[in-house]
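So you can see what is in the structure, the chains are spelled out below.
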Amino acid sequence: MDSRRSFFRKAVGISGVMGLGAIPGMSRSHSVSEALLELSKMDIPEAVVNEDIWKRIQQAYTVSPNIINLNNGGVSPQPKVVQDAVDRYYHLSNEAPSYYMWRILDQGRESVRMKLADLAGVSHEEIAVNRNATEALDTVIFGMPLNQGDEVILTKQDYPNMINAWKQREKREGIKLVWLNLDLPSEDDEYFINAYNKATTSKTRVYHITHMINWNGQILPAKKLCKVAREKGIKSIVDGAHTFAHLDFKIADLNCDYFGTSLHKWLCAPFGTGMLYMKKERIAETWPLIPHHEPQSENIRKFEALGTRSFAPEQAIGHAINFHLSIGSKLKQQRLQYLKNYWCEKVNDNPKININTSLNPDYSCALAIVDIEGMEPGEVSSRLFRDYKIHTTSIKWENIRGVRITPHVYTMTYDLDRLVTALTEIAKNNGS
Ligand SMILES: Cc1ncc(COP(=O)(O)O)c(C=O)c1O
C-alpha cells in the first residue's frame with residue numbers, strides 16, 4: 001500500500017500524472033488520472049470492489065463497447081497512453097529510420113531493461129527484451145547445453161510452442177522427454193512436487209515448469225519446484241507467460257534459472273513484446289537462438305541480436321510499466337481475483353455448469369474455465385458470441401475442457417453479469 005502511494009505521488013511530481021496527459025482528449029485522461037489518484041489513497045479491499053473507479057480506469061483503454069472481450073488471456077489491449085507512444089515512436093522512426101531508430105530510440109533500450117528488471121526484482125544484467133514468451137523460452141530450450149540421454153521433465157499441460165521446441169530437441173539430439181500428465185485443478189502443492197520428484201532420475205537435467213497453465217488457469221507452486229530442482233542440481237525453466245504483471249510476485253522470489261514471459265498479455269505492453277530472465281551464472285553457457293559474434297559471452301544482450309525490427313513497440317514498454325505501477329501489482333492481482341470469483345460463484349451451484357478451475361487464490365487468479373454438461377466447449381463459446389456478444393475461447397486439450405474466461409482490469413462486474421445470465425440460459429436450454 002505504502003509503495004503504491006509513494007510511487008504514485010513521485011510519478012505525479014516528476015512527470016505529471018504518469019504521462020497520461022499525453023492522451024489526446026483531456027477529459028478522458030483527466031478522469032483516468034483522478035481515478036488512479038483516488039485508487040492510490042484507498043485500502044486495497046476497498047479499492048478492489050469500487051466499480052465507479054474501475055469504470056473510469058476503463059477509460060484508459062479504447063476497448064469496443066460492442067463486444068465483451070473475455071479472452072484477455074490470449075493477448076490484451078493496450079491503454080491509450082501505450083498505443084499513442086507506439087504511434088509516436090513509429091512516426092518518428094519514419095522521419096529517418098536509421099538515424100531515429102538506431103541513434104535516438106535505441107538510447108531508451110537500457111532504460112526499458114532497467115524498468116523491467118525493477119518490476120521483476122532482478123538485475124538488469126539478467127534481462128533480455130524480445131518479442132514474446134515463445135522467443136524467450138525457445139532461446140532457453142534450444143540454447144541450454146544438453147547431451148543425448150539427458151532427461152527433461154515437462155507436462156502434457158504445458159504450452160504447445162514449448163512442447164514442440166522440446167520435441168524438436170528430442171528428435172534432433174536424442175534428449176529424453178519425461179512427461180507428467182497433471183490432474184487439474186489441484187489445491188495441493190505436494191501433488192505437484194511429488195509428481196516432479198517421482199519422475200526425477202540421475203539423468204534429469206531440467207524441470208520445465210509452467211507457472212500458470214493457460215488452459216485452466218492453474219497456478220503451480222513454482223517457487224517450491226525450483227527449490228527441489230536446485231537441491232538436486234537440476235536447472236529450472238519457468239514459463240511465466242501468464243503470471244508476469246498478473247500475480248504479485250518477483251522473479252527473484254522463485255529462484256529459477258530461466259523465466260520467459262509475454263509482455264502483451266497481463267502487462268498490456270505493445271503486441272510483439274516479451275522478456276527473458278536468465279540467472280547471471282547461466283548466461284555464458286547458454287547459446288543465443290540468433291547467433292551473436294560472442295555467443296559464449298556473459299552479456300545478456302547477446303540474446304537480442306535480432307537484426308532490423310521496429311523499435312516502436314519495444315520503446316513503449318516503459319509506458320505500459322508506468323500504467324501497471326499506477327494500479328499496483330497487489331491491487332491488480334486482487335481485482336482480477338475478485339472478477340474471476342464474482343462470476344464463478346454466481347454459476348457454481350448450477351448442476352449443469354462445472355468450473356474446472358480452483359477458486360482458491362493460491363491456485364488461480366483471473367483465468368478460469370467453465371464447462372456446460374452435454375455441450376461441446378466450441379458450441380458454448382459460439383453461442384456466447386452469437387447471442388450475447390461475449391468473446392471467449394474454447395479449450396479441448398489433453399484432459400482439460402471448457403470455455404476459458406479471462407477478464408482484465410477494464411472489465412466491469414456488469415459485463416460479468418451478462419456472462420452469468422448467458423451461461424445460465426445456455427445451460428438451461430441446451431445442457432443435458
Ligand atoms: C503458458 C504459455 N506459454 C507461452 C505462451 C506463448 O506466448 P507468446 O504468444 O507471447 O509467445 C503462451 C501464450 O498464450 C502461454 O499461454
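Residues numbered from 1 in each chain as written. Predicted model: local features only at pLDDT ≥ 70, side-chain atom pairs only at ≥ 80, totals over all residues. Heavy atoms only, no water.

Here the domain parsing of the protein chain yields domain 1 (1–60), domain 2 (99–320) and domain 3 (331–430). Taken residue by residue, the interface counts ten residues in domain 1 and ten residues in domain 3. When domain 1 packs against domain 3, close to 1000 Å² is buried across both sides, 68% of that on carbon and sulfur atoms. Linking domain 1 with domain 3 are one salt bridge. Put simply, Arg335 and Glu51 hold a salt bridge, and the shortest N to O gap is 2.8 Å. Linking domain 1 with domain 3 are four residue pairs in polar contact (both at pLDDT 80 or more). (Domains from an automatic or database assignment. Contact = heavy atoms within 4.5 Å. Buried area = accessible area lost by both parts, 1.4 Å probe. Salt bridge = Lys/Arg side-chain N within 4 Å of Asp/Glu carboxyl O. Polar contact = N/O pair within 3.5 Å; in protein donor to acceptor, adjacent residues only side chain to side chain.)

One pass over the structure, following the stated rule, counts nine aromatic pairs. Ring centres of Tyr99 and Tyr100 lie 4.9 Å apart, and the angle between their planes is 80 degrees; on these two criteria the pair is classed as edge-to-face. Relative to Tyr342, the ring of Tyr338 has its centre 6.2 Å away and its plane inclined at 50 degrees; by these criteria the two rings are tilted. With Tyr338 and Tyr342 both in helix α16 (residues 329–347) and four residues apart, the pair spans about one turn of that helix. Clustering of aromatic rings is evident, with ring pairs tying together Tyr61, Phe323 and Tyr410. (Phe/Tyr/Trp six-rings, centres within 6.5 Å; stacked < 30°, edge-to-face > 60°. Helix = DSSP H or I, 4+ residues; strand = E, 2+ residues; numbered from the N terminus.)

With that settled, consider the nonpolar core. By size, the foremost hydrophobic cluster in this structure holds 86 residues, and its most contacted members are Ile57, Leu116, Phe244, Ile251, Phe259, Leu267 and Ile317. In this structure, Ile57 is in contact with Ala35, Leu36, Leu39, Phe323 and Ile327, ignoring residues within four places of it in sequence. Core analysis: the second largest hydrophobic core is formed by 26 residues, Val380, Val403, Leu423 and Ala427 among them. (Core = buried A, V, L, I, M, F, W, Y, C linked by side-chain atoms within 4.5 Å. Buried < 20%, exposed > 50% of the residue type's maximum accessible area, 1.4 Å probe, protein only.)

Backbone torsion omega between Leu184 and Pro185 reads 0 degrees, so that peptide bond is classified as cis. You can see Pro185 is positioned in the loop between β4 (176–180) and α10 (189–199). Positive phi values are uncommon outside glycine, yet Asn255 reaches one of about 50 degrees. Positionally, Asn255 belongs in the loop between α12 (251–254) and β7 (258–262). Residue class for Asn255 comes out partly exposed when judged on its relative accessible area of 34%. For Glu398, which is not glycine, the phi dihedral falls at a positive 50 degrees. With respect to the secondary-structure elements, Glu398 resides in the loop between β12 (393–397) and β13 (400–405).

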